[in-house]
Amino acid sequence: MKAFNEKIDRMNTHSVKWDHTKEIFGKEDLLPMWVADMDFKAPHAVIDAMKKRIDHGIFGYSMATKETKQIVMDWLKSRHTWEIQSDWIVFTPGVVPALSAAIHTYTETNDGVLIQSPVYYPFGDMVKKNNRKLISNSLRYNGETYEMDFEDLELQFRTKNIKLMLLCNPHNPVGRVWTKEELGKLAKLCIQYDVLVFSDDIHFDLIYKKYRHTILSSLSPEIEERTITGIAPSKTFNLAGLQFSTIIIPNKTLRDKFSDYLATIGFFSPGSLGIIAAEAAYQNGEEWLDGLMEYLESNLDYLKNFIKEKLPQIKVIEPEGTYLVWLDCSNLNMDHKRLESFIQDEAKLAFDEGYIFGKEGEGFERINIACPLETLKEGLTRLEKAINKQNVV
């Protein structure tokens, strides 16, 4: 726990979160609690492995090996009880590039691609940039949490020429970890209507104690044959800048098409430091991860108690996974543009505005709690002072 309390200066490290907040938000003096990276050092085993590789001093072309695949497979088996085959694995520089590649590979112009809003905004961006029809199956918000709207999902599948669904599990930003029963219903509909699924499971190692993550592809041979699963050590071990992800495609025809597309854009293997870091993290990072989850649980408890006692106008949508917390600010009685201005200009905070995740996110804010408790306290205190100054009720 002590290691995660260390407050580290991240300025002048090319950090999007810290060095570029002013450029992105256009404001001075904002405390960055937005983009999904953590303010924690990676596991020592990862740092040591990278130092050893750097000390070697030669950085020529690199390629992931059979051993790299085996390390990923061992992690999936031990941590998630999911046994996969080596040839199912394709490495990419990130899950979002892989998602875009899947849209390009498995759909044509005017095909429908379905998302479940409010959702991680690159989903919609990638659909539109690939000139596909963006279809939303909005999640149902009951005032406390979110559920899938299966009746609407079936309607969309039946009427909108949906060829591909983009699933977010755990869901970003609402924090749901979809249950085995929910995913079973989804799988049944995808099989019935011949819809492929790209399942973004990038946060799947970050699950709170009361919950259990289920991998869609593991449910049956039928859904396995039509699912592409994206994972990475980037969220788990704070390695996003090293650009390494694993895409798991059991169906050989789908996998070959995907690999052929990667070849057309000239991508063949991640960089050497990404490979080294991923191997070290999956082999030696489990104890660090367990400590991280304890710290995140503690930060989440602090946030919930603070808001309950001092900011009752705001409702915490308690996450089941991820280090991102979805805040319902509708009782502040501000439209989404006024809320954005209030958070940035008066509270001096950089959150992710809810509306960027879709119209269903208007009136919400997303806060990143993967930071030292001192930073979290500062952010919440800024919010409290701003609300009290405005006499917001």
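Residues numbered from 1 in each chain as written. Predicted model: local features only at pLDDT ≥ 70, side-chain atom pairs only at ≥ 80, totals over all residues. Heavy atoms only, no water.

Asks: Explain the overall build of the protein chain to me, and be specific about the residues and the numbers.
Replies: In terms of helices and strands, the protein chain carries 15 helices and 15 strands. The C-alpha radius of gyration of the protein chain comes to 21 Å, within 12% of the 21 Å expected for a compact globule of 393 residues. Taken over 393 residues, the protein chain has a buried fraction of 56%. Put simply, of all contacts in the protein chain between residues at least 6 apart along the chain, 74% involve residues at least 24 apart. With the model as given, the accessible surface of the protein chain reaches about 17700 Å², and the carbon-plus-sulfur share is 49%. (Helix = DSSP H or I, 4+ residues; strand = E, 2+ residues; numbered from the N terminus. Rg over C-alpha atoms; globule rule 2.2 N^0.38 Å. Buried < 20%, exposed > 50% of the residue type's maximum accessible area, 1.4 Å probe, protein only. Contact = heavy atoms within 4.5 Å. Areas by Shrake-Rupley, 256 points an atom, 1.4 Å probe, with all protein chains shown as cover.)

Asks: Just give me the short version of unusual backbone geometry, but keep the residues and values in it.
Replies: Note that the residue after Ser 117, namely Pro 118, is joined by a cis bond; omega there is 0°. Within the element layout of this structure, Pro 118 appears in the loop between strand S3 (112-115) and helix H6 (122-129). The linkage connecting Asn 172 with the following residue, Pro 173, adopts the cis geometry, with an omega of 25°. As for its placement among the helices and strands, Pro 173 is situated in the loop between strand S7 (162-168) and helix H8 (180-192). Backbone geometry places Asn 161, a non-glycine residue, at a positive phi of 55°. By the element assignment, Asn 161 lies in the loop between helix H7 (150-159) and S7. We note that Lys 348 has phi near 60°; this positive angle belongs to a residue other than glycine. With respect to the helices and strands, the residue Lys 348 is situated in the loop between helix H14 (336-346) and strand S13 (349-350). Here Lys 348 falls in the partly exposed class, since its relative accessible area comes to 33%.

Asks: Break down the UniProt feature "domain: Aminotransferase class I/classII large" (unreviewed entry) in the protein chain for me, with residues and values.
Replies: According to UniProt, the feature "domain: Aminotransferase class I/classII large" (unreviewed entry) maps to residues 37-383 in the numbering used here. Taken end to end, residues 37-383 is 44% helix and 16% strand, and its first and last C-alpha atoms sit 21 Å apart. (UniProt positions renumbered as here; feature names shortened; annotations may be inferred.)

Asks: Give me the lowdown on the packing of aromatic side chains, citing residues and values where you can.
Replies: For the coordinates displayed, the defined rule picks out 19 aromatic pairs. Considering the side-chain rings of Phe 25 and Trp 34, the 5.2 Å spacing of their centres and the 80° angle between planes classify their relative orientation as edge-to-face. For the residue pair Phe 25 and Trp 34, the accessibility class agrees, reading buried in each case. On the numbers, 5.6 Å between centres and 85° between planes, the contact of Phe 40 with Tyr 295 is edge-to-face. Placement of Phe 40 in the loop between strand S1 (31-32) and helix H3 (44-56) and of Tyr 295 in helix H13 (residues 286-310) is noted, with a sequence separation of 255 residues between them. With respect to burial, Phe 40 and Tyr 295 carry one shared label: buried. Site record: aromatic cluster; members linked through ring pairs are Tyr 120, Tyr 121, Phe 123, Tyr 141, Tyr 146, Trp 326, Phe 357 and Phe 364. (Phe/Tyr/Trp six-rings, centres within 6.5 Å; stacked < 30°, edge-to-face > 60°.)

Asks: Outline the pattern of salt bridges, listing residues and values.
Replies: Scanning the model with the defined rule gives 24 salt bridges in all. A salt bridge links Glu 286 to Arg 79; the nearest nitrogen and oxygen atoms lie 2.8 Å apart. Remark: Arg 79 occurs in helix H4 (residues 66-80) and Glu 286 occurs in helix H13; sequence separation between them is 207 residues. The exposure class of Glu 286 is partly exposed, given its relative accessible area of 35%. You can call Arg 79 partly exposed: its relative accessible area is 25%. Between Asp 301 and Lys 304 there is a salt bridge, with the nearest N and O atoms lying 3.8 Å from each other. Highlighted residues: Asp 301 and Lys 304, both in helix H13, separated by 3 residues, approximately one helical turn. By relative accessible area, which is 37% here, Asp 301 ends up partly exposed. Among the residues examined, Lys 304 registers a relative accessible area of 24% and is labelled partly exposed. Through salt bridges that share partners, Lys 7, Glu 374, Glu 378 and Arg 382 make up one connected network. (Salt bridge = Lys/Arg side-chain N within 4 Å of Asp/Glu carboxyl O.)

Asks: Please set out the layout of surface pockets residue by residue, giving values where relevant.
Replies: Reported here for the largest pocket is a volume of approximately 1400 Å³. If you trace the largest pocket, you find 47 residues lining it, with Asp 37, Leu 239, Ala 240, Gly 241 and Leu 242 closest to the centre. At the level of elements, H3, helix H5 (95-106), H6, helix H10 (233-237) and helix H12 (272-284) are the ones that each hand at least two residues to the lining of the largest pocket. Per-class residue counts for the lining of the largest pocket are 29 nonpolar, 10 polar and 8 charged. The volume enclosed by the second largest pocket comes to roughly 560 Å³. As for the second largest pocket, its lining consists of 23 residues, and the residues nearest its centre are Arg 79, His 80, Arg 212, His 213 and Thr 214. Elements with a contribution of two residues or more to the lining of the second largest pocket: H4 and H13. Sorting elements by how many residues they give to the lining of the second largest pocket places H13 first, with 4 residues. (1 Å grid on protein atoms, 1.4 Å probe; cavity = no way out; pocket = protein on both sides within 12 Å on 5 of 7 lines; lining within 4 Å. Points joined across faces, edges and corners; volume = space filled by probe spheres on them. Nonpolar A, V, L, I, M, F, W, Y, C, P; charged D, E, K, R; others polar.)

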